[in-house]
Structure formats: C-alpha cells, structure tokens
Amino acid sequence: MPAFTSDMLTSLIPETGLLVLATLLLVLVLVKNEKFYIHLDWITAAGFTLIAVLAFIFGRPAEEPRLLWGEMIRVDRAGYLLSLMVLVGGALTAVFAGTDVTVGKKPEFYLLLTLASIGLVLMGTSANLIMLYLAIETAAIPLYVLAGIKYRDAWSVESGIKYLLFGGFSSAIMLYGFSLLYGFAGTTKIYGMVDALRASGTPLAAIILAAIMVLAGFTFKISAIPFHFWAPDVYQGAPTPVAGFLSTVSKAAGFIALARILINALGVESGNVWMIILAVISAASMFIGNLLAIPQKNLKRMIAYSSIAQAGYILIGVASGSEFGFSAAIYYLVAYLVTNLAVFAIINWIEYETGSTEISTFAGLNRREPGLALLLMIALLSLGGIPPLAGFFAKVLVFGAAIQSGMVWLAILGIINSVIALYYYLRVMKVMYVDEPAGSIKVDKLPVVWTVALAVCIIGIVLLGVVYSPWYNFITLAAMGL
Amino acid sequence: MIPLYWFLVLSAILFCIGLYAVITRRNTIAILMGIELMLNAANINLIAFWRYLYAGSNLDGVIFALIVFAAAAAEVAVGLGLILSAYRSKETIVANDLDTLKG
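Residues numbered from 1 in each chain as written. Chains lettered and ligands numbered in written order. Predicted model: local features only at pLDDT ≥ 70, side-chain atom pairs only at ≥ 80, totals over all residues. Heavy atoms only, no water.

Caption draft 1: Structural detail: the environment of B:Ile44. Residues and elements named next belong to chain B. Within the secondary structure, isoleucine 44 sits in helix H2 (residues 28-54). Residue isoleucine 44 is classed as partly exposed on the basis of its relative accessible area, which comes to 23%. Counting along the chain gives 21 residues from isoleucine 44 to alanine 65, while the straight-line C-alpha distance between them is 8.4 Å. Look past the residues within four positions of isoleucine 44 in its chain and what remains in contact with it is Phe7, Leu10, Ser11 and Leu14. (Helix = DSSP H or I, 4+ residues; strand = E, 2+ residues; numbered from the N terminus. Buried < 20%, exposed > 50% of the residue type's maximum accessible area, 1.4 Å probe, protein only. Contact = heavy atoms within 4.5 Å.)

This is the structure we're talking about:
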C-alpha cells in the first residue's frame, strides 16, 4: 500500500468541501425554519465561492499529472479547471436561483445542486471506468430530481421524467460499452487502455462497437446528436436555473470526461476513423440545433436548440483530435459557461417579473429595463460569435483547429451554421428593441447579489474575448495534460 | 464448463430485450424495467468476463457490478418518485400522454 500523502487530501478539496456544504444544507432542510430559507441562495453561493478559492489556492496540481487514490483519480490541470468551472457555475446558479419563484426558497434545491456538483467535479478527475460511471450517476441522479423539482407544475414533472428516462437509457448503453471495454482490455483503468486493447488482439469491429456505445452515452451528457431529444423538453420544463446549470456545467463535465476517454482509452489521434465519426456528429448537431431553433416561440426552448448546436461547435474542436483542438474545445466550454449562465439568468428574471418565457414577453424590454436588455444582447451576440466577445474567439479557435487538422469542410459548415444561428439571436434582439410591449409590466428592483453575479458573467464574456492569452495558455497546458 | 461465449450471448439478448422494451413500451414503469434489463445485461458481461478471464489478476469486474447495483437502485428510486409525482399532477403514467412540451 502506498503511504498516505498530503496531496491525496488536496486533490479532493472540491469534493470534500461540497460534501460539508451539503451536510450543512441537509441540517437546514431538517430545521424547517422559514427564517433561514430566504438566505439560502447566498449561503450556498458563499459556500461554493469559498470552496472555489480554497481549491484554487491549495488544489493547484503539480507540473506532472499524477494518479492518486488507488489510480482512481488523476490530478491534472484539466480536472482542476473543470472543478473551478463547476464551483463558479454552481455559485452563480445558486444566486440566480434566489429570484426563482418556486425553487428559490427550497433548501432541497440547493442541497441537490451541491450533490450534483460533487459528481460533476469527479467526472473531470476520474481515471477509472468504475469511478467515471459512479461520478456520472452521482451527477445525474440529483439532476433528474432538480429537473422535476416543481412537483405541482406539469411541465417540470414531465421534464423530470423525460430527463430520467433518456438519461437512464443512455447511461445503460454507455455501461454496456464499458463492460465490453473491460472485457476486451482486462482493466478498468482509462490510462493505458489503448495499449491493453491493442495487446489483447480483439477484432477492431468489436472495439468500435463498444466505443460507439460509450460515445452514445456521452452524446446524451453533452446533448449532441443522436441523444439530443431530451434537451428542448427538459430545458423548457425544468426550473430556469436548473436549465442553465444543465446546459453549461453538466455539458462541460461531459466534454472533459469524453475527451479523457477518447484520448486515453480509445486512442483518438489526428487522421483516424474517430475524426470522421465525431465530425459527422458535430455537423449533424449544428444543423439540427440551429435549424430547429429558428421557429421556436419560447426563449428557453430556443436556447435549448442553440445549446445542441453549441455542442456541435465544441465537438469540432474534439474531432480535430489535436492538442490545439482540445484546448479550443475547453476554451469554448469556459466561454459558453459564462455566456449561457448570463442568458438563463436574465430569462429567469423576466420569468420572475412576467411569469412567462415566451419570446413575445421580451417585447419592449429595452424601454422597461434598458440595462438588462443591453446585457442580454451582449450575451446573445457572444453566443452568435460576434467580436470582441468570448464566443467569437472560441469559435475562431475551434474552426482554426479543424482547418489545421485538414477538415476544412467542417470549418465551412461551422461558419455557415454561425450565420444561421445569428439569424435567430438577432430576432430576439429585434423583439427586445423594436417591438411594442404587450401591456404594462411591473418592473422590480434587481437584488444586489444577483446583479453582482450577472456582472461576473458579463465581465467574463468580455474578458475571455479581449484578453485571451493568459486563459488560453493555461487551457493549452490543461489540454496537453489530458 | 459452460463457455464464456454463452454468457456473452445471453447478455446481448437481454440487452436487446431491454432496448426493445424501452423503445416500444408506452408505460413509463415498463420503460424503467427495460432500462433495468439493460443494466443487468452489462452486469452479466462484467461478471462473466471477470470470472473467465481476469479472476486471477484483479477484482475490477466484481466491484464494478456491485457499484452498478447501487446506482441502478438509486435511479429506480428517483424514477418511481418522479413517476408518482406525474401521476398526482396528471393522473397518467403513459409516456404518450406526457406531451405538453413539444415544438
């Protein structure tokens, strides 16, 4: 048995911290004192922020990636970055949820958010199929409940059931793929599985079958073709903060875990069959997401289709198979995190004021709340890839990665899709700025903490687009260590 | 002794029955049962591979199967809870009737 070292403890700072926070929230659930419940949003957010700061300072991984805890966990920059993304995303989600009418005062909501975050952090660090499966389920099961948490609301319940059935179905397919991989390789260790598979002499067709099953499970997590059906229904029906969390943090964790598996267990390199499979999934996701987003009348549903398309853009980077491609994909994930959280936060606020998320309720937003309209415009332009915002630089990186790997056609398809996407983002802006408001809508004062959280997102969008080199350098190191 | 290959065929058949159930069944509880069959098919794979090929070298297959039990049980518990709340609010558990969200 290897000796217990201090870096074994520091490698688990986010998980341990979240577990402590979850226990605290569980006690608050049991206290049943309404007095505490109005402060839950910022208590949770402060907890997440504190853990993020601790993890940022003490959890910094060493130069060389290392396998710890019986080779179950890999301490490297990608996992470190994802844990920070989960913690920051969770903190922002908790603040934004404070204004939600139904879930804002529910301690169960914050408890489940914390528990799901533990699973998502672990997804980024797992170096073993057993650990990865456990992490995926730890993240997924609280998220099923979160989607259906408004149990008196028919939409929310329906979205919870749909999310559970699709999630269970896709994770069963993925598990079957894992069981075959274990059978062929004789090990559940992700690192070194490529060599074990090669040495075992298993026919390539069998390995590809297992790998496609694993890939199918991951397309559910990242909401790409062919397991994207759940996204529109779940985003529309689930409470808005949950939809924001699902579309950003959960997707980022899925992508990091997918990249780890692809590189180390399935052997993705430039120029092999994987590039074609991933490129086709990516192109199909972009087209289906963008074309189906155009006719939508509900903004949450439209953003859900847009998020399918965004998964397609990120997959361009993954399909490139190069280090440049993976760092482009991770950069895109970080940019997407701040952008989409801002969009969902503003949708949530409008939902709080008007009780609806139809695009028509945004009519005349510019006259009601010009500041909010401007911020929503910035976020939507970033999603559409307009310079100098985060989305633009991220898109340049993924398209550049595709061209560098010799897939010019994929980059061209991506650019065509950016133009299609810009159409429906601009349509929302037209409604906000040009259309007459339907009637008089009461305007509430924005809470201070909420404004600060939104400001963090917007500053993130601008910073990631303008001053990119420090983040990009770190992300390149993270992608190289995968 | 029964060859490994029989177990793999059994598990593949079980997986396909589960898949078929998930795709064709309209009752959400039956869909959940189909998912359970798929998970159990994976478990048979894990145990059979471990017993026949890797029993001497590691315990990965057994541990994996144990963890799948626990995760599957948790999933079903949450699933039945959600189905119950759908029944309370809509008085149906048929997937086709859960169709207010579309577009």
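Caption draft 2: A look at unusual backbone geometry. Residues and elements named next belong to chain A. In this structure, proline 226 follows isoleucine 225 across a cis peptide bond, with omega equal to 0°. For proline 226, the location among the structural elements is in the loop between helix H10 (204-221) and helix H11 (230-237). One non-glycine residue, glutamate 71, adopts positive backbone phi at about 60°. Note that glutamate 71 resides in the loop between strand S1 (66-68) and strand S2 (73-75). The exposure class of glutamate 71 is partly exposed, given its relative accessible area of 36%. Residues other than glycine seldom take positive phi values, yet serine 223 does so here, at roughly 50°. Counting through the fold element by element, serine 223 comes out in the loop between H10 and H11. Overall, the relative accessible area of 0% leaves serine 223 in the buried class.

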